Amino acid sequence: MAEIKLTQTQQAVVDDRGGALLVSAAAGSGKTKVLVDRLLKYLNDPAAPANLDEFLIITYTKAAASELRGKIAAKLTEAIAADPENRHLQRQMQRLFLTKISTVHGFCGDLLREYAYKLDLPADFRVADENEGGERRETVLTELLDS
């Protein structure tokens, strides 16, 4: 399958090193390719190659997070095949499974679990499901209206 060519704007995003970056575009517009290419550019930086697990990669669905991990693995595999002696890239493939690639909800849940003690939350807290949330809202609203 032929590699999709990036537009000038997409290539500018891949090449940018100005700090934090938000990529927002319509479905099917190439966001994932841009993000994966940008990430690989950091990993292949000749002056200061980055480590994959230094990045926080967040998406909206578990399926998208899984797809992103797979695309990163595929790009790393290609890069290693092109430069089989590159130990840094080989280590990045191992680090892929340590890299935080998750949903927004997963990331926030991990943060809450890590700092539960500072927030007086039980360490084994869980997110209420839709029915529990509805029942709690109804209880609070009833109590509020009664008072």
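Above this note sits the structure.
These figures come from a predicted structure and were not determined experimentally.

On to helix α2 (residues 31–43), then. For α2, which comprises 13 residues, the first-to-last C-alpha distance of 18 Å matches the rise-based estimate of 18 Å (1.5 Å per residue) to within 8%. All buried positions along α2 are accounted for by Lys-33, Val-34, Val-36, Asp-37, Arg-38, Leu-39, Leu-40, Tyr-42 and Leu-43. Packing partners of the buried residues in α2 comprise α1 (8–15), β1 (56–59), α3 (62–82) and α4 (87–95).

What follows covers the pairing of β1. The two faces of β1 differ: Ile-57 and Thr-59 on one face are buried, but Leu-56 and Ile-58 on the other face are not. Note that β1 and strand β2 (residues 100–103) share four bridges and pair parallel. Residue pairing across strands places Ile-57 opposite Ile-101, the latter belonging to β2.

Residues Leu-52, Ile-72, Leu-76 and Ile-101 are the most contacted members of the largest nonpolar core, which totals 18 residues. At the level of secondary structure, the elements contributing two or more residues to this core comprise α2 and α3. Broken down by element, this core gets its largest block of residues, seven residues, from α3. Ignoring any residue separated from it by four or fewer positions in sequence, one finds Leu-76 in contact with Leu-40, Leu-43, Leu-52, Leu-89, Gln-92 and Met-93.

Let's shift gears to a nonpolar patch on the surface. A surface patch of nonpolar side chains, amounting to about 540 Å² of accessible area, comprises Leu-111, Leu-112, Tyr-115, Tyr-117, Leu-119 and Leu-121. You can see Leu-119 is positioned in the loop between α5 (104–114) and α6 (130–146). The partly exposed category is assigned to Leu-119, whose relative accessible area is 47%.

To continue, consider the packing of aromatic side chains. Scanning the entire structure with this criterion turns up one aromatic pair. Above the plane of the ring of Tyr-42 lies Arg-17, whose end atom (NZ or CZ) is 3.8 Å from the centre. Residue placement shows Arg-113 over the ring face of Phe-125; its charged tip is 4.9 Å from the ring centre.

Scoring rules and cut-offs
Sequence positions are assigned chain by chain, starting from 1 and proceeding in written order. Residues qualify for local features only when their pLDDT is at least 70, as the model is predicted, and side-chain atom pairs are given and counted only at 80 or more; totals for whole chains, interfaces and linings, by contrast, use all residues. Based on all heavy atoms of the structure, the side-chain values leave hydrogens and waters out of the count. Per the convention used, a helix needs a DSSP run of H or I reaching at least four residues, while a strand needs a run of E reaching at least two, with both numbered from the N terminus. For a helix, the expected span equals 1.5 Å multiplied by the residue count minus one. The cut-offs for exposure are 20% and 50% of the maximum accessible area for each residue type, with area from a 1.4 Å probe on protein chains only; residues under the lower value are buried, those over the upper are exposed, and the others partly exposed. Only heavy atoms enter the contact rule, under which two residues are in contact if any of them lie within 4.5 Å. By this definition, two strands are paired if DSSP reports at least two bridges between them. Only buried Ala, Val, Leu, Ile, Met, Phe, Trp, Tyr and Cys residues count toward a nonpolar core, and they belong to the same one when joined by side-chain atoms within 4.5 Å. Residues enter a patch when their relative accessible area is above 30% and they make no salt bridge; the linking distance is 9 Å between like charges and 5 Å between nonpolar side chains (Val, Leu, Ile, Met, Phe, Trp, Tyr). Per-residue and other accessible areas follow the Shrake-Rupley method at a 1.4 Å probe size, with only the shown protein chains counted as cover for residues. What counts as a salt bridge is simple: a side-chain nitrogen of Lys or Arg found within 4 Å of a carboxyl oxygen of Asp or Glu. Two rings from Phe, Tyr or Trp (for Trp, the six-membered ring) form a pair when their centres sit within 6.5 Å of each other. Planes less than 30 degrees apart are called stacked, planes more than 60 degrees apart edge-to-face, and all others tilted. We count a charge as sitting over a ring when the NZ of a lysine or the CZ of an arginine lies within 6 Å of the ring centre and within 35 degrees of the ring normal.

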